[in-house]
Amino acid sequence: MKERVLIVGSGAREHAIAVALARSSQKPELLCFGSARNPGIDALCTQYAVGKLTDTAAVSAFAKEQGATLAVIGPEAPLAAGVADALWAMQMPTVGPTKSLARIESSKGFARELLAKHGIAGNPFYKRFDSMDGVEDVLLELAGRHVIKEDGLAGGKGVKVCGDHLHSLEHSMECCEELAAAEHPFVIEEKLEGEEFSLMSFCDGLCLRHMPAVQDHKRADNGDKGPNTGGMGTYTDANHSLPFLRASDIAEARAINERVAAALLEECGASYRGILYGGFMATRDGVKLIEYNARFGDPECLNLLTLLETDFVEVCRAIVEQRLGDVSVEFAEQASVCKYVVPDGYPDSPRVGDAVVLPTELPAAVTLYLGAVDVKGSELVATGSRTVGIVGVAETIAVAERMCEGVAREIPGRFFHRADIGTTELITKRVEHMKMVRS
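Everything quoted here is computed from the prediction, not taken from an experiment. (Residues numbered from 1 in each chain as written. Predicted model: local features only at pLDDT ≥ 70, side-chain atom pairs only at ≥ 80, totals over all residues. Heavy atoms only, no water.)

**Digging into the overall build of the protein chain**
The test is simple: Counting from the N terminus, the helices are DSSP H or I runs at least four residues long and the strands are E runs at least two residues long. For the radius of gyration, the atom set is restricted to C-alpha positions; the globular benchmark scales as 2.2 Å times the number of residues to the power 0.38. Surface accessibility follows the Shrake-Rupley procedure with a 1.4 Å probe radius. Residue values consider only the protein chains on display as shielding. Positive: Lys, Arg. Negative: Asp, Glu. His and the chain ends are not part of the count. Charge positions are represented by NZ for Lys, CZ for Arg, CG for Asp and CD for Glu.
Scanning the protein chain for helices and strands turns up 14 helices and 23 strands. Compactness check: the protein chain gives a C-alpha radius of gyration of 21 Å against a globular reference of 22 Å for 439 residues, within 12% of the reference. Along the first, second and third principal axes, the C-alpha atoms of the protein chain reach 60 × 50 × 45 Å. Here the protein chain displays about 17100 Å² of accessible surface, and carbon together with sulfur accounts for 48% of that area. Averaging the positions of the 45 positive and the 62 negative side-chain charges in the protein chain gives two centres separated by 2 Å.

Following this line, the structure appears as C-alpha cells:
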C-alpha cells in the first residue's frame, strides 16, 4: 500500500520534512495540515488544509478524511496540545511524542526534575518558581550568573541571560515579577560558560539513532548581538562534530539523550517516538543540558534533512514501529551552512507583506526552504517571521558558507540575514573561546 504521509505544520522545517519525504524511493503521497499555505510544501502535496495546528479534532478529521497512513508533526505547539495522542487514538502511526512525553519541552521544570530524579548527568543548579517567594535569595546566591526561563513554550524567545539581557538584580527581579504576575511559572538556572551545540536523535522509545551535531545562532545580528530569535542559522561539519568539540563531548551528549529516553519511558509509561533534541553546552566540567525540545529544531533540521542519505520514509516507519535498531541511518560526510533571510525589524517589529524575489538559478549544492511566506496573486510575500532558509553543502564549512552567503545576498528588498554564520572568523572565535574555557 502506498504511504500517504500527513505533515503537521507549514514553516521551513516542514518544507524540509516534505522535501526529505518526497526524495524517498517509496514515492509517498504527501498531505499537509498547516497554519498557512506554504507554496513550497503545497507544490509537493496532493491535499493541503489550513487550520489551527493545536485543533486536535480538525487535524484528526483531516487525517481520516484523506486516508493518511503515517503522520509527522513538525512544531512544538501541536505536540504540547496532544495532537499525537489524538492521532494515535485513531490508530494513526505518528512521528512525534504524546502530550505527556512532550513535557520534556513544554515544561523546563519537568525536564530538569527528570534529570535530577533519574540521576542523569548534565543538570546545572536550578529552581522552579510560580511566585516571587524565594526568588531574590536565589538571584543573590547566583551572584549575577543566572538565566531566567519561562517554564512553558515561548518560541525560542523566553530565555533571559544575565549580562546579555539582564544587567542588574533589579532588572532580573522585574523580569521574574512580570512572569509571576502573568501566572507564568519560570525557572532560574545557573549561567553556564562554554559553547552551545544541538544534538538530535531519532528515537523509537527503545533505540536512538543520533544525528550530526549542529550549532545554532539565536541572536538576530552579526557578532551575536541583538534580540533572541527562533534561530538565524546553523552549521554542521563534515565529520559530524563541530570544530570546538571533543569526541568526549559528542559521547556525553549522546549518552544523556539515551538516558533521557529511558527515563521518559519509566516516568510516563510510554515510548517516546519522534525526535529527541538536546540543546547542550560544552563546559570545562563536561557537557551540560541547556534545554530539551520534543521535535526537529528549526533551522537545525534544514541542515540535517538536506544531509540525510537514508530513506526518510523508512526512518519514520522504523520510529513508529519501534524497529529503529534494524535501520542504519546515514548522513552525507559533508559540511553544511544554513542562513535565514528575515524581514527588516525581525523579531520585535517585522515588516509584513514585502515581495520575496527568489534567485532564478541556484548552485547545485544550495537548497532553499520557504518559511513565513504567502502567495498574493502571482507574488510571493513575507508574512513577518523567518522568510527563506538557505542551505549550502560542501566539503568544508568555509565553502558551504560562501555558497550560502552568495545566494542570501541575491534576495533583494527590505530583508536581512546574518552574514557571519559559518564564517572562518566566527568559528575561530568559538574555538578560541572553548580553549579558554577548558583551560
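**Comments concerning the nonpolar core**
Stated precisely, the cut-off is as follows: Throughout, nonpolar core names a set of buried Ala, Val, Leu, Ile, Met, Phe, Trp, Tyr and Cys residues whose side chains join them through atoms within 4.5 Å. For the exposure calls, accessible area comes from a 1.4 Å probe over protein chains only, and a residue counts as buried if that area is under 20% of its type's maximum, exposed if over 50%, partly exposed in between.
Counting residues in hydrophobic clusters, the biggest one holds 125 residues, and the most contacted among them are Leu-6, Phe-197, Phe-202, Val-260, Phe-296, Phe-312 and Ile-390. One finds Val-138, Leu-139, Leu-179 and Phe-186 within the second-largest nonpolar core, a separate group that totals 14 residues.

**A few points about the sheet that holds strand β6 (residues 126-129)**
Short version of the rule: Here, a strand pair is defined by DSSP locating no fewer than two bridges between the strands. Every axis corresponds to a line fitted to the C-alpha atoms, with the helix fit spanning only the stretch in contact, and the corresponding angles, defined between N-to-C directions, vary from 0 to 180 degrees. Here, residues are in contact when the closest pair of their heavy atoms is within 4.5 Å.
An order of β6-β9-β7-β8 is seen for the 4 strands of this open sheet, with the pairing classed as antiparallel. Single-partner strands in this sheet number two, and they are β6 and β8 (159-161). On average, each strand axis in the sheet is tilted by 15 degrees relative to the strand beside it, whichever way the strands run. For strand β7 (residues 146-150) and strand β9 (residues 186-190), the ladder comprises 5 bridges, and the chain directions are antiparallel. Across the sheet, His-146 pairs through a bridge with Glu-190, a residue of β9. Here helix α7 (residues 108-117) sits on the sheet and contacts β6, β7 and β9; the angle it forms with β6, its principal contact strand, is near 140 degrees.

**A closer look at the packing of helix α1 (residues 12-22) against helix α11 (residues 300-307)**
How we decide: Comment on the angle field: the value is read as roughly parallel under 35 degrees, roughly antiparallel over 145, roughly perpendicular from 65 to 115, and oblique elsewhere. Charged means Asp, Glu, Lys or Arg here, nonpolar means Ala, Val, Leu, Ile, Met, Phe, Trp, Tyr, Cys or Pro, and polar covers whatever is left, Gly included.
Where α1 meets α11, the closest approach of the two axes is 9 Å, and the angle between their N-to-C directions is 10 degrees. In terms of orientation, α1 lies roughly parallel with respect to α11. Across the interface between the two elements, Ala-12, Arg-13, Ala-16, Ile-17 and Ala-20 from α1 touch Cys-301, Leu-302 and Leu-305 from α11. The residue makeup of the contact of α1 with α11, split by class, is 7 nonpolar, no polar and 1 charged.

**What about helix α10 (residues 247-268)?**
Each full turn of the α-helix corresponds to 3.6 residues, which orients residues three or four apart in the same direction. Under the convention used in this document: Multiplying 1.5 Å by the helix residue count minus one yields the expected span of that helix.
For α10, which comprises 22 residues, the first-to-last C-alpha distance of 32 Å matches the rise-based estimate of 32 Å (1.5 Å per residue) to within 8%. Buried residues of α10: Asp-249, Ile-250, Ala-253, Ile-256, Asn-257, Val-260, Ala-261, Ala-263 and Leu-264, and no others. The first or second residue beyond α10 is Gly-269, which carries a positive phi of 70 degrees.

**Side note on the side chain of Asn-293**
One can find Asn-293 in strand β17 (residues 286-293). With residues up to four places along the chain from it excluded, the contact list for Asn-293 reads Glu-105, Tyr-272, Ile-275, Leu-276 and Tyr-277.

**A short note on the packing of aromatic side chains**
We count it as follows: Two rings belonging to Phe, Tyr or Trp (six-membered ring only in the last case) form a pair when the distance between their centres is within 6.5 Å. Interplanar angles under 30 degrees mark stacking, angles over 60 mark edge-to-face geometry, and anything in between is tilted.
All told, the structure shown has 7 aromatic pairs when counted by the stated rule. Measuring from ring centre to ring centre gives 5.6 Å for Phe-129 and Phe-186, while their planes differ by 20 degrees; the resulting arrangement is stacked. Taken together, the residues span a long stretch of sequence, with Phe-129 in strand β6 and Phe-186 in strand β9 at a distance of 57 residues. One exposure class covers both Phe-129 and Phe-186, and it is buried. Aromatic side chains Phe-202 and Phe-312 sit 6.4 Å apart centroid to centroid with 45 degrees between the ring planes, which places their arrangement in the tilted category. Separated by 110 residues along the polypeptide, Phe-202 in strand β10 (residues 195-203) and Phe-312 in helix α12 (residues 312-320) bring together distant segments of the chain. Neither Phe-202 nor Phe-312 differs from the other in exposure class; each is buried. Here the aromatic residues Phe-197, Phe-280 and Tyr-292 are joined through ring pairs into a cluster of three or more.

**Focus on the pairing of β7**
By the criterion of burial, β7 is predominantly enclosed, with 4 of the 5 residues buried. In this structure, β7 lies alongside β8, joined through 3 bridges in antiparallel fashion. Its bridge partner lying in β8, Val-147 is registered against Val-161.

**A look at the environment of His-146**
The cut-off we apply is this: For this analysis, a polar contact is any N or O atom pair within 3.5 Å, provided that within protein one partner can donate a hydrogen and the other can accept it, and provided that sequence-adjacent residues contribute only side-chain to side-chain pairs.
On the secondary structure map, His-146 appears in strand β7. In this view, His-146 contacts Leu-139, Lys-160, Val-161, Cys-162, Leu-166, Ser-172, Ile-188, Glu-189 and Lys-191; residues no more than four positions away in its chain are not counted. Within the local environment of His-146, its side chain forms a polar contact with the side chain of Ser-172, the two groups lying 2.8 Å apart.

**Description of the sheet that holds strand β16 (residues 274-283)**
Spatial ordering of the open sheet is given by β11-β10-β16-β17, a layout of 4 strands whose pairing is antiparallel. The outermost strands of the open sheet, each flanked by one partner alone, are β11 (208-210) and β17. When strand polarity is set aside, the average angle formed by the axes of neighbouring strands in this sheet is 35 degrees. Direction of pairing for β10 relative to β16: antiparallel, over a ladder of 9 bridges. Bridging across to β16, Met-200 finds its partner in Tyr-277. Its contacts with the sheet put α10 on β10, β11, β16 and β17, and the angle it makes with β10 is roughly 45 degrees.

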